[in-house]
Structure formats: structure tokens, C-alpha cells
Amino acid sequence: MKRLLLIQPSPYDKDKKPIRKSRLYFVGLALPLLAALTPEDWEVEIILETIEEIPFETDADLIGISTMGHGVLRSIDVAREFRARGKTVVLGGYMASIMPEEAMKYCDAIVVGDAELVWSELLEDFTKGELKSRYEKRHKGPWFSTPALRFDLILHKPIGDFLPVQAGRGCPNVCSFCSVACLYEGSYIRKPIEELDRDLEQIRKLGFRKVLLLDDNILSDRVYLSQVLKILKAKDLKWMSQCDIRVGEDEELLKSLAESGCTALSFGLESISRKSLIGMSKGWADPANYPRLISNIMRHGIEVSTEMVVGGEGDTLDSIKMTKEFIEDNRISVPRFYILTPFPGTRFFKELEAQGRLVVEDIYSYDGTFAVYMPTNMTPEELTESYWRLYDELFTIRSIIKRNILKRGFLRYPGRYLFYVGVNLYYRHQIKQRITPNIF
């Protein structure tokens, strides 16, 4: 049998060593999906480097490597090592999709966009010795289809008590810094309800009662979302996902979300500065409404997690300090931050490049932990310093207790918030090592 090795690399720490953990809670969908798309005459192995070693001595015929987020540098190094050993390497994921010419420097072939459209063709070409350098197709309609995932290849690994599933991809919003906007260009594609039902039933039969709905924005299609919620409720599953903060305006929808088993939603709030949001092409969001919307969501028993960036057009050193107060006043259990970074391929990168505001030329150093461009209201050094100060001050023991224990919902869901305390303590450990918390 031909052998396929699929690898999800781990990001580097500040000493350029792969980050290691004893357990990986947030498991991706890409590799179990690629395994499911692979014909039965192939033997497939999945490696999650955060929790296991990469077998560089493998006798696999083909190596597939994911290029996602902060793990891109490691992805490139792993690809180089395998090619030096004479292996054929394929890269996929966001870097390969939005920076294809750059990605092609480090592999034999790239997959641009959604892999299920080209994976069988790629494997067939490889078998015939006719592998092309680039495989790319786009969904022509509003739907995508996948087989049931190969979770059997990861269940023996130290993962969490929930599995991922996906109902939709893409987002109708086109924020200038967002890689999802680059790839899907404001569109949202959906999985047929029958396939989602199949996927959720598969997870139930495997003994799991919690799922991570890995959609980019579950609020993208409210009619479709209502169908999704009916299935989740019928399966009696607890679930979490990410969403548009405007969900807090809809009392009826919030009630349906809670009744369907939703326990937590993550929101890309980005900034408490309206000017910064407008500069990011996110002018539809108004920070003045954030506290009210967050309160509405929490009132329905749904916990709020946030992701924000610092360094936007309206950000100042004072507004970054005020961000700490915003997080604590609204009792955000699990906040995450990044320095606003113009990743190559995004509209934001092109804008700053045209304005001559980039101060760091090495795009492979862009990891969201230090300023690589000239902000409007501070120096790059001041932005970097204020970013880490924000993290340091929000992840003190006192702040962790204030945001998780001294909140209205603690007595109702003590187990949930004690888990979040554990997450915060792990993030605190990473922050002290100057690692941006982005993996758990």
C-alpha cells in the first residue's frame, strides 16, 4: 500500500522550539478530512506535533503539511527537512492559499483553497508520476460536501473531550486584515444538513457529548443556522463556536442557541476604538454596543470569549490601557490579543505596503507578537511594549479570579468557570514565556 503522512506542525516558541503540550484540546478538521478523502489503497497517518514527535525517518510515499497561522514557519522548516530526505511534499492551508507563489518555494505541490475539490486528482497524479505544482478549484455554488471524517486516526492521541465539526465556511464580512476574507471574498458556503446530521451522529457514537463548531461565523445565514440548531438540540450535544457579536441583538436567536446546547461563543471584537474598526473595514461594529450585547449573550447562559487586536488607526497608548478595563468590566473569561499584523496576501498588507509603512521586511517574522509597521499614534516599540503589558496585567491571579470566579454565572456553572480558570492559568504560563496564547 502507498503511505500518506499528514502533519499539523506546532508553532515555535521564542527560542524557535516547537511548542509542546501534554494534551491538545482544539483539534483541527483538515487532516481527518484529507484522510477521509484518501482512497482505501492508501495507508494514512496523522501527526499533531503539539503532542507528538514528527517521524522524519518515515517510509511514507507522500507528505502533506498544513500551513496555518503561527505554525507557518515550522511548516516551512518541516517541508524543507522532508524534501532534503528525498520525500515528495504537499502544502495546504491558509498560507498556501493566500501566498501560493511563496509556498511553492518549499514543496513539490500546493493545494489552494478547499482540498476536497482537488485531493483525489492530486493523489491520482502522484500515483502516475505526473504531480502538478498547483491544485486549485473554487466552489461554484453555496454548498460544499465532504465524507465522514477519519477521527479514528486521532482518537488514540491525548486530545480533549470534544471533537470538531463544520457546518459552514467563509464570512459575509470582508475585514481588511482577515485571511478568511482573502480566501472566501465575502461568501459563505454551507454543508448539506444531512451531512451535518451524519457528522454529529458519528461524534455521538464515538462517545463524545461536546463539539466545537469550526465555522468562521455561524451568523452568516440565519435561516441555515436555525436548521443547524434544530439538529444540535435533537442530538443533545453541548457545543461552542465563533460568531458575529451582533447575535446579541436577537433575543429569540439567543434563546434558540442556549436551548440547542451552546455553552460558549468566541467573538472577534478587534478594538474598543470605532476609528480603528472603520480602518479595518469593520465599520458595521460599534464598540459602544459591546457591553450591552455581551451582557445579553451571557444572560442566556452563553459564555463570551474574545479576540482583539491592538495597533489600529484609532488606537492610542491610553486606549490599549482602557482595553484592560473593558475586559475586566465585562468579565470576559478567556480574552486573546494580537498586534494588528499585515499578513501577506491580505488587503491590509497591500495598503500598508503602498503607504510605505512597513518597517520589517522579513514576512516570516510576522507572528502577531511585535509591531512590523508604523502605527498612527505611537512607535512600533511602544505598541509592542503596551501589547505585552496588556497581557501581563490581564493575566494576574487577581484578574483571572475577577473575570471567572467573581461573576454572576459562577454559582450556576462552577465546573465551566473552573475549567476557564485552568485555561487562564495555562495562558498566564505562556505569556510569561512571551508566547501569545493561541493554542490550547
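Residues numbered from 1 in each chain as written. Predicted model: local features only at pLDDT ≥ 70, side-chain atom pairs only at ≥ 80, totals over all residues. Heavy atoms only, no water.

A. Expanded view of the overall build of the protein. A count of helices and strands for the protein gives 16 helices and 14 strands. Over its C-alpha atoms the protein spans a radius of gyration of 21 Å, differing by no more than 12% from the 22 Å that the globule rule assigns to 440 residues. By the burial criterion, 57% of the 440 residues in the protein qualify as buried. Counting contacts in the protein only where the partners sit at least 6 residues apart, residues at least 24 apart contribute 71% of the total. Here the protein has roughly 18,900 Å² of accessible surface; of this, 52% comes from carbon and sulfur atoms. Looking at the protein, you have 60 positive and 62 negative side-chain charges, and the mean spots of the two groups are 5 Å apart. (Helix = DSSP H or I, 4+ residues; strand = E, 2+ residues; numbered from the N terminus. Rg over C-alpha atoms; globule rule 2.2 N^0.38 Å. Buried < 20%, exposed > 50% of the residue type's maximum accessible area, 1.4 Å probe, protein only. Contact = heavy atoms within 4.5 Å. Areas by Shrake-Rupley, 256 points an atom, 1.4 Å probe, with all protein chains shown as cover. Lys, Arg positive; Asp, Glu negative; His and termini not counted. Charge placed at Lys NZ, Arg CZ, Asp CG, Glu CD.)

B. Spotlight on the packing of aromatic side chains. Inspection of the entire model under this criterion finds 16 aromatic pairs. Ring geometry for tyrosine 106 against tyrosine 364: centres 6.1 Å apart, planes inclined by 85°, an arrangement best described as edge-to-face. Taken as a pair, tyrosine 106 in the loop between α4 (100–103) and β5 (109–112) and tyrosine 364 in the loop between α13 (347–355) and α14 (380–394) lie far apart in primary sequence, 258 residues in all. Across the pair, exposure class does not vary: tyrosine 106 and tyrosine 364 are buried alike. Each ring, one from tyrosine 417 and one from tyrosine 420, has its centre 5.8 Å from the other, and the planes form 70°; the classification is edge-to-face. Here the residue tyrosine 417 and the residue tyrosine 420 both occupy positions in helix α16 (residues 414–432), the gap between them amounting to three residues, near one helical turn. Each member of the pair, tyrosine 417 together with tyrosine 420, is buried. Among the aromatic side chains, those forming a connected cluster through ring pairs are Phe337, Tyr387, Trp388, Tyr391, Phe395 and Tyr427. Above the ring of phenylalanine 144, the side-chain terminus of arginine 169 is found at 4.0 Å from the ring centroid. Between the NZ or CZ atom of arginine 416 and the centre of the ring of tyrosine 413, over which it lies, the distance is 3.9 Å. (Phe/Tyr/Trp six-rings, centres within 6.5 Å; stacked < 30°, edge-to-face > 60°. Lys NZ or Arg CZ within 6 Å of the ring centre and 35° of its normal.)

C. Spotlight on the pairing of strand β11 (residues 238–243). In this sheet, β11 lies alongside strand β10 (residues 210–213) in parallel orientation, the contact comprising three bridges. By the bridge assignment for β11, leucine 212 is matched with methionine 240. Summarising the sheet, β11 and strand β12 (residues 262–270) pair through five bridges and their orientation is parallel. When the bridges of β12 are listed, tryptophan 239 appears paired with cysteine 262. For the crossover from β11 across helix α9 (residues 251–259) to β12, the handedness is right-handed. (Pairing = 2+ DSSP bridges. Right-handed = clockwise from strand over helix to strand, strands pointing away.)

D. Structural detail: helix α15 (residues 397–404). Those residues of α15 that fall on the buried side of the exposure criterion are Ser399, Ile400, Arg403 and Asn404. Taken down its axis, α15 places every buried residue within 110° of arc, on the same side. (Arc of directions from axis to C-beta.)

E. Structural detail: the side chain of aspartate 13. You can see aspartate 13 is positioned in the loop between β1 (2–8) and α1 (30–37). Although buried, aspartate 13 forms no salt bridge, and the nearest oppositely charged side chain, lysine 17, lies 6.4 Å from it. Those residues in contact with aspartate 13 that lie beyond four places of it in its chain are Ile19 and Ile435. (Salt bridge = Lys/Arg side-chain N within 4 Å of Asp/Glu carboxyl O.)

F. How the structure looks around the state of the cysteines. For the structure shown, the criterion picks out zero disulfides. Free cysteine: cysteine 171, not disulfide-bonded; nearest cysteine sulfur from cysteine 175 at 6.7 Å. Relative accessible area serves as the criterion here: at 13%, cysteine 171 is assigned to the buried category. The thiol of cysteine 175 is unpaired, and the distance to the nearest cysteine sulfur, on cysteine 178, comes to 6.1 Å. (Disulfide = S-S within 2.5 Å.)

G. Local environment of the sheet that holds strand β4 (residues 88–92). One open sheet accounts for six strands, arranged β2-β1-β3-β4-β5-β6; its pairing is parallel. The two strands at the open ends of the sheet, each matched to only one other strand, are β2 (42–48) and β6 (134–136). Neighbour to neighbour, the strand axes of the sheet diverge by 20° on average, direction disregarded. Sheet strands touched by helix α2 (residues 72–84): β1, β3 (62–66) and β4. Its angle to β3, the strand with the most contacts, is close to 170°. (Axes fitted to C-alpha atoms, helices over the stretch in contact; angles between N-to-C directions.)

H. View of the sheet that holds β10. Pairing is parallel across the open sheet formed by six strands, whose spatial order is β7-β10-β11-β12-β13-β14. Of all strands in the sheet, those with a lone pairing partner are β7 (163–165) and β14 (334–339), marking the two edges. The mean angle between the axes of side-by-side strands here comes to 20°, regardless of whether they run parallel or antiparallel. As paired elements, β7 and β10 share three bridges and run parallel to each other. Residue proline 164 lies in a different strand from β10, and its bridge partner there is leucine 212.

I. How the structure looks around the pairing of β14. Across the six residues of β14, six count as buried, placing the element largely inside the fold. The parallel pair strand β13 (residues 303–310) and β14 is bridged by helix α12 (residues 317–329), and the resulting crossover is right-handed.

Read these as spatial facts, not as claims about activity.
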